[in-house]
Amino acid sequence: MPSHLQRKSEALSSAATLLHEKELYPAVAHSAYYSCYQLMMHIWLLVMKRSERELTRQKSSHEYLIIAVREMIKKSNPANFYAFNGKIWMLKQLRTNADYSNTPFGKNDSAKALSLSADITPILKKYWRP
(Lines give C-alpha, C1' and ligand atoms only; values in the text may rest on other atoms or scores of the structure.)
Protein backbone atom coordinates (compact mmCIF):
# COMPACT_ATOMS: atom_id res chain seq x y z
CA MET A 1 0.00 0.00 0.00
CA PRO A 2 1.46 3.39 -0.97
CA SER A 3 2.40 5.83 1.78
CA HIS A 4 0.73 9.22 2.05
CA LEU A 5 3.92 10.73 0.66
CA GLN A 6 3.79 8.48 -2.40
CA ARG A 7 0.15 9.45 -3.02
CA LYS A 8 1.03 13.14 -2.62
CA SER A 9 3.86 12.68 -5.11
CA GLU A 10 1.50 11.15 -7.66
CA ALA A 11 -1.02 13.97 -7.16
CA LEU A 12 1.68 16.61 -7.63
CA SER A 13 2.95 14.87 -10.76
CA SER A 14 -0.56 14.86 -12.22
CA ALA A 15 -1.00 18.49 -11.23
CA ALA A 16 2.23 19.43 -13.00
CA THR A 17 1.00 17.84 -16.22
CA LEU A 18 -2.38 19.59 -15.99
CA LEU A 19 -0.77 22.93 -15.20
CA HIS A 20 1.49 22.58 -18.24
CA GLU A 21 -1.51 21.82 -20.43
CA LYS A 22 -3.25 24.93 -19.06
CA GLU A 23 -0.10 27.00 -19.78
CA LEU A 24 0.41 27.81 -16.10
CA TYR A 25 4.11 27.22 -16.53
CA PRO A 26 5.71 28.54 -13.31
CA ALA A 27 3.42 26.32 -11.22
CA VAL A 28 4.63 23.28 -13.19
CA ALA A 29 8.18 23.55 -11.87
CA HIS A 30 6.90 23.85 -8.31
CA SER A 31 4.66 20.78 -8.62
CA ALA A 32 7.24 18.72 -10.52
CA TYR A 33 9.93 19.42 -7.91
CA TYR A 34 7.68 18.71 -4.94
CA SER A 35 6.53 15.49 -6.56
CA CYS A 36 10.15 14.33 -6.34
CA TYR A 37 10.59 15.90 -2.90
CA GLN A 38 7.71 13.82 -1.54
CA LEU A 39 9.40 10.64 -2.81
CA MET A 40 12.67 11.69 -1.21
CA MET A 41 10.81 12.30 2.06
CA HIS A 42 9.29 8.82 1.81
CA ILE A 43 12.78 7.37 1.42
CA TRP A 44 14.12 9.53 4.26
CA LEU A 45 11.39 8.53 6.70
CA LEU A 46 10.47 4.98 5.75
CA VAL A 47 13.59 3.55 4.15
CA MET A 48 16.41 5.44 5.83
CA LYS A 49 14.45 5.50 9.14
CA ARG A 50 15.24 9.15 9.81
CA SER A 51 12.90 11.69 11.41
CA GLU A 52 11.21 14.83 10.14
CA ARG A 53 12.57 16.64 13.17
CA GLU A 54 16.12 15.70 12.22
CA LEU A 55 15.59 17.10 8.75
CA THR A 56 13.91 20.33 9.83
CA ARG A 57 16.82 21.08 12.17
CA GLN A 58 19.11 21.38 9.16
CA LYS A 59 19.91 24.86 7.90
CA SER A 60 19.17 23.94 4.25
CA SER A 61 16.78 21.03 4.63
CA HIS A 62 16.11 20.58 0.91
CA GLU A 63 19.79 20.38 0.08
CA TYR A 64 20.41 18.13 3.06
CA LEU A 65 17.65 15.74 1.96
CA ILE A 66 18.91 15.65 -1.64
CA ILE A 67 22.45 14.91 -0.49
CA ALA A 68 21.33 12.19 1.94
CA VAL A 69 19.21 10.42 -0.67
CA ARG A 70 21.92 10.89 -3.28
CA GLU A 71 24.49 9.22 -1.03
CA MET A 72 22.16 6.30 -0.34
CA ILE A 73 21.67 5.83 -4.09
CA LYS A 74 25.41 6.12 -4.72
CA LYS A 75 26.10 3.16 -2.41
CA SER A 76 23.85 0.84 -4.39
CA ASN A 77 24.11 2.05 -7.99
CA PRO A 78 26.60 4.64 -9.31
CA ALA A 79 24.72 5.03 -12.61
CA ASN A 80 21.52 5.94 -10.76
CA PHE A 81 23.55 8.27 -8.57
CA TYR A 82 24.89 10.26 -11.51
CA ALA A 83 21.50 10.46 -13.23
CA PHE A 84 19.71 11.49 -10.03
CA ASN A 85 22.37 13.94 -8.89
CA GLY A 86 22.50 15.96 -12.09
CA LYS A 87 18.78 16.05 -12.69
CA ILE A 88 17.55 16.81 -9.18
CA TRP A 89 19.76 19.90 -8.95
CA MET A 90 18.55 21.12 -12.35
CA LEU A 91 14.93 20.58 -11.29
CA LYS A 92 15.53 22.38 -7.99
CA GLN A 93 17.04 25.33 -9.87
CA LEU A 94 14.06 25.48 -12.24
CA ARG A 95 11.71 25.47 -9.24
CA THR A 96 13.70 28.24 -7.58
CA ASN A 97 13.62 30.30 -10.78
CA ALA A 98 9.90 29.75 -11.21
CA ASP A 99 9.09 30.60 -7.59
CA TYR A 100 11.47 33.46 -6.85
CA SER A 101 13.20 34.90 -9.91
CA ASN A 102 12.01 38.04 -11.70
CA THR A 103 12.58 36.38 -15.08
CA PRO A 104 10.22 34.75 -17.56
CA PHE A 105 9.37 31.09 -17.04
CA GLY A 106 7.76 29.73 -20.17
CA LYS A 107 6.77 26.61 -22.03
CA ASN A 108 10.32 25.31 -22.58
CA ASP A 109 11.24 25.69 -18.92
CA SER A 110 8.00 24.02 -17.92
CA ALA A 111 8.57 21.12 -20.31
CA LYS A 112 12.11 20.71 -18.95
CA ALA A 113 10.78 20.52 -15.39
CA LEU A 114 8.29 17.83 -16.43
CA SER A 115 11.00 15.89 -18.24
CA LEU A 116 13.43 16.05 -15.31
CA SER A 117 10.76 14.93 -12.86
CA ALA A 118 9.79 12.07 -15.19
CA ASP A 119 13.44 10.96 -15.27
CA ILE A 120 13.98 11.28 -11.51
CA THR A 121 10.81 9.52 -10.36
CA PRO A 122 11.69 6.00 -11.61
CA ILE A 123 15.11 6.28 -9.99
CA LEU A 124 13.55 7.18 -6.64
CA LYS A 125 10.96 4.41 -6.96
CA LYS A 126 13.79 1.87 -6.99
CA TYR A 127 14.51 2.85 -3.37
CA TRP A 128 10.98 2.85 -1.90
CA ARG A 129 11.66 -0.22 0.21
CA PRO A 130 14.56 -0.95 2.54
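Heads up: the structure comes first, above all this text.
Residues numbered from 1 in each chain as written. Predicted model: local features only at pLDDT ≥ 70, side-chain atom pairs only at ≥ 80, totals over all residues. Heavy atoms only, no water.

Participant: In this structure, what is going on with the side chain of Asn 80? I would like to understand it.
Facilitator: Checked against the element boundaries, Asn 80 lands in helix α5 (residues 78-100). Using a relative accessible area of 9% as the deciding quantity, one classes Asn 80 as buried. Setting aside anything within four residues of it in sequence, one finds Asn 80 in contact with Ile 73, Ile 123, Lys 126 and Tyr 127. (Helix = DSSP H or I, 4+ residues; strand = E, 2+ residues; numbered from the N terminus. Buried < 20%, exposed > 50% of the residue type's maximum accessible area, 1.4 Å probe, protein only. Contact = heavy atoms within 4.5 Å.)

Participant: I'm lost on the packing of aromatic side chains in this one. Help?
Facilitator: Think of a pair of aromatic rings as described by two things: how far the centres are apart, and how the planes are tilted against each other in angle. Summed over all chains, the structure comprises 5 aromatic pairs. When the centroid spacing of 4.9 Å and the interplanar angle of 70 degrees are considered together, the rings of Phe 81 and Tyr 82 count as edge-to-face. For Tyr 82, a relative accessible area of 60% puts it in the exposed group. Here the aromatic cluster, defined as three or more aromatic residues joined through ring pairs, consists of Tyr 33, Tyr 34 and Tyr 37. (Phe/Tyr/Trp six-rings, centres within 6.5 Å; stacked < 30°, edge-to-face > 60°.)

Participant: Teacher, can you tell me more about the pattern of salt bridges here?
Facilitator: When charged atoms on two side chains of opposite charge get close, those side chains can pair. Tallied over the entire structure, the rule returns 5 salt bridges. Close ionic contact of Lys 92 with Glu 63 constitutes a salt bridge, the shortest N to O distance being 3.0 Å. Here Lys 92, found in helix α5, pairs with Glu 63, found in helix α4 (residues 61-76); they are 29 residues apart in sequence, far enough to count as distant. Residue classification places Lys 92 among the buried positions, given a relative accessible area of 12%. When the shortest N-O distance is used, the salt bridge between Glu 71 and Arg 70 registers 3.1 Å. The class of Glu 71 is partly exposed, set by a relative accessible area of 29%. (Salt bridge = Lys/Arg side-chain N within 4 Å of Asp/Glu carboxyl O.)

Participant: Looking at this structure, how should I read the packing of helix α2 (residues 25-47) against helix α6 (residues 107-125)?
Facilitator: If you want to describe how two helices pack, look at the angle between their axes and the distance between the axes. One way to put it is that α2 packs onto α6 with a least axis distance of 8 Å and a crossing angle of 15 degrees. What the angle tells us is that α2 and α6 run roughly parallel. Relative to α6, α2 is oriented so that their crossing is left-handed. In contact with Tyr 25, Val 28, Ala 29, Ala 32, Ser 35, Cys 36, Leu 39, Met 40 and Ile 43 of α2, α6 contributes Lys 107, Ser 110, Ala 113, Leu 114, Ser 117, Ile 120, Thr 121 and Leu 124. Here the contact of α2 with α6 is composed, by residue class, of 12 nonpolar, 4 polar and 1 charged. (Axes fitted to C-alpha atoms, helices over the stretch in contact; angles between N-to-C directions. Parallel < 35°, antiparallel > 145°, perpendicular 65-115°, else oblique. Left-handed = near helix turned anticlockwise from the far one by under 90°. Nonpolar A, V, L, I, M, F, W, Y, C, P; charged D, E, K, R; others polar.)

Participant: Looking at this structure, how should I read the environment of Ile 67?
Facilitator: Along the chain, the position of Ile 67 falls in helix α4. In this structure, the C-alpha to C-alpha distance between Ile 67 and Ile 43, residues 24 residues apart in sequence, is 12 Å.

Participant: What exactly am I supposed to notice about the side chain of Asn 85 here?
Facilitator: Within the secondary structure, Asn 85 sits in helix α5. Among the residues examined, Asn 85 registers a relative accessible area of 19% and is labelled buried. In terms of polar contacts, Asn 85 uses its side chain to reach the side chain of Arg 70, at 3.2 Å. Side chain to side chain, Asn 85 and Trp 89 meet in a polar contact 2.9 Å long. (Polar contact = N/O pair within 3.5 Å; in protein donor to acceptor, adjacent residues only side chain to side chain.)

Participant: In this structure, what is going on with α4? I would like to understand it.
Facilitator: For α4, spanning 16 residues, the distance from its first C-alpha to its last is 23 Å, which sits close to the expected 22 Å at 1.5 Å a residue. Residues His 62, Leu 65, Ile 66, Ala 68, Val 69, Arg 70, Met 72 and Ile 73 constitute the buried set of α4. The secondary structure elements touched by the buried residues of α4 are α2, α3 (52-56), α5 and α6. (Expected span 1.5 Å × (residues − 1).)

Distances and angles like these do not, on their own, reveal function.
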